[in-house]
Amino acid sequence: MSIHLVVGIKAIENAPRKRLISPPVQSRVFEVVGPYRMRERREEISELPERCVLLRVMLTGVCHADLRYVSCSRPPHILRERLPLPVFHEGIARVVDVGDDVRNFRRGDLVVVVPNVPCYVQNPEKYPDIYRACESCRPGGPGENLCRDVKFLSSNAPGLSRTFLIHPASCIFNVPRGIPEEIAVLAEPLTVVKRAIELAGVNYSSRVAILGGGFMGFITAAVLSFIIGISKQNLLVTDIFDFKLEKFEDFAITLNVREKSIPEDILSSFDRAFECAGGKASESTIDQALSLLSPGGTCMLIGVSEEKIPVRTRILLEKGLTLKGTTRSAAIDYPEVLKWLQRKDFTKTLRRIIYPKIFRADSCDSILTACRTAESPETHGKVLIDWRLEIEE
Ligand SMILES: [Zn+2]
Ligand SMILES: [Zn+2]
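Residues numbered from 1 in each chain as written. Chains lettered and ligands numbered in written order. Predicted model: local features only at pLDDT ≥ 70, side-chain atom pairs only at ≥ 80, totals over all residues. Heavy atoms only, no water.

**With respect to the sheet that holds strand S15 (residues 322-325)**
Argument step 1. Across the sheet, six strands lie side by side as S12-S11-S10-S13-S14-S15; this open sheet has parallel pairing. Because the sheet does not close on itself, it has two edges, and the strands there are strand S12 (253-256) and S15. Adjacent strand axes in the sheet meet at a mean angle of 20° when their direction is disregarded.
Argument step 2. With five bridges connecting them, strand S13 (residues 270-275) and strand S14 (residues 293-301) associate as parallel partners. Looking across to S14, one finds that Arg272 is bridged to Thr298.
Argument step 3. In the packing of helix H6 (residues 187-200) onto the sheet, contacts are made with S13, S14 and S15, and the angle to S13 comes to roughly 150°.
Argument step 4. Contacts between helix H7 (residues 215-228) and the sheet are confined to strand S10 (208-211), strand S11 (235-239) and S13, with S10 contributing the most and set at about 165° to the helix. (Pairing = 2+ DSSP bridges. Helix = DSSP H or I, 4+ residues; strand = E, 2+ residues; numbered from the N terminus. Axes fitted to C-alpha atoms, helices over the stretch in contact; angles between N-to-C directions. Contact = heavy atoms within 4.5 Å.)

Quick look at the structure:
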């Protein structure tokens, strides 16, 4: 009895304090309700919890992870649990208001949103600090990107397809002056790449193969070339489309694997490989990695596949190769990426992989059009959506 009483008081002490937002803000929320079906509703935001900020969404990127909800290609039990769901997890926003105990941000700041909200941030009553966080988030654990009780935007938490949202202040970073918005919005996928490159143990003298020249393949190759300093002759990119490979030609060797098989002289000659295609294609891209890697090499798996993928384990054994998975990123990955984005040579190259038309989020239809464009096999570039709607009340 007394134990319950103590626990009860503690819970009240730890519950976040909130302050009123006056007048309350009307957020337009666009959420996925079925395959390529969205609805719009209004949500009133009237309270701002401590250590949180009120954000106005500015620009978001469309990612394949979001598209799996838009097209409803995730497993049915997941969809049943999570829909209706506002989507998108790559974005920048303006700080509209700051809650109590928020010191590093002020109204009007342009920030990049960290979609990975770890256990000790989203549920401090259960996980009071990082020492009492889940096993992944604790010091020495595998990392917050693998948090066992995470809230991840556009996955098990509402995403950015809304005009206003409340977000923890520990999960935003100021966009340094001089970084254009359409470049800053690439920060989230770049943090995923940064983490994958660190896990792979790559340095400037490594020989690296990138399998799949889509958006993730492009930004991985760009980081390896411009930030890590890998020379063109040590950086190989494979794909089955020349229009994709053309974008790499000044900083990587390219190989169209639909037209040609892998030349003998480069077999077993790479230290590291990055599988960036995902989906059904990963059966052949992992196969290429096994052929290209030298004994003791590592293939990082970045592309996502919902299905089982057959792998020639015999080659894995014979060469002593490692297949390593990685996903998402954590707040700790952002400051360095934001420094990268201040380098003009790097951002000039990144511009090649931004889809030239920026879509406007004025209706469910326009958002769905942006999603269909992002999904099209002919599209090679990050599709962006602007959330500054013309009719603002
Ligand atoms: Zn993403
Ligand atoms: Zn955790």
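**Points about the packing of H6 against H7**
Argument step 1. At a minimum axis separation of 10 Å, H6 and H7 run at an interaxial angle of 65°. Two packed elements cross with a definite hand, and for H6 against H7 that hand is right-handed. Mapping the contact onto sequence places Pro189, Leu190, Val192, Val193 and Ile197 in H6 and Phe215, Met216, Ile219, Thr220, Val223, Leu224 and Ile228 in H7.
Argument step 2. A per-class count over the contact of H6 with H7 returns 11 nonpolar, one polar and no charged. (Left-handed = near helix turned anticlockwise from the far one by under 90°. Nonpolar A, V, L, I, M, F, W, Y, C, P; charged D, E, K, R; others polar.)

**A short note on the environment of Leu55**
Argument step 1. Of note, Leu55 is situated in strand S3 (residues 52-61).
Argument step 2. Residue classification places Leu55 among the buried residues on the basis of a relative accessible area of 0%.
Argument step 3. Residues Leu55 and Val96, 41 residues apart in the sequence, show an inter-C-alpha distance of 5.5 Å.
Argument step 4. Setting aside residues up to four positions removed in sequence, Leu55 forms contacts with Ala93, Arg94, Val95, Val96, Val111, Val113, Thr163, Phe164, Leu165, His167 and Ile172. (Buried < 20%, exposed > 50% of the residue type's maximum accessible area, 1.4 Å probe, protein only.)

**What to know about the pattern of salt bridges**
Argument step 1. Evaluated as defined, the whole model comprises 28 salt bridges.
Argument step 2. We note a salt bridge from Glu182 to Arg351, for which the minimum N-O separation is 3.0 Å. In this pair, Glu182 is assigned in helix H5 (residues 181-184) and Arg351 in the loop between helix H12 (344-350) and strand S16 (359-360), connecting sequence segments 169 residues apart.
Argument step 3. Classification of Glu182 as partly exposed rests on a relative accessible area of 22%.
Argument step 4. Beyond isolated ion pairs, a larger network of salt bridges with shared partners links Arg17, Glu50, Arg51, Asp101 and Arg103. (Salt bridge = Lys/Arg side-chain N within 4 Å of Asp/Glu carboxyl O.)

**Thoughts on the coordination of the zinc ion (ligand 1)**
Argument step 1. The protein atoms donating to the zinc ion (ligand 1) are Cys63 (SG), His89 (NE2) and Glu90 (OE), with metal-donor distances spanning 2.2 to 2.7 Å.
Argument step 2. Mapped onto the polypeptide sequence, the residues donating to the zinc ion (ligand 1) form the spacing pattern C-x25-H-E. Of the two residues, Cys63 sits in the loop between S3 and helix H2 (64-70) while His89 sits in the loop between helix H3 (76-82) and strand S4 (90-98), which places them 26 residues apart along the sequence.
Argument step 3. Using a relative accessible area of 4% as the deciding quantity, one classes His89 as buried. (Donors = N, O, S within 2.8 Å, 3.2 Å for Na, K, Ca; no water.)

**Comments concerning the confidence of the model for the chain**
Argument step 1. Taken over all residues, the pLDDT of the chain has a mean of 94, while the share at 70 or more is 95%.
Argument step 2. Low pLDDT (under 50) marks residues 1-11, which in the prediction has one contact with non-local residues, meaning those over four places away or in another chain. (pLDDT = per-residue confidence, 0-100.)

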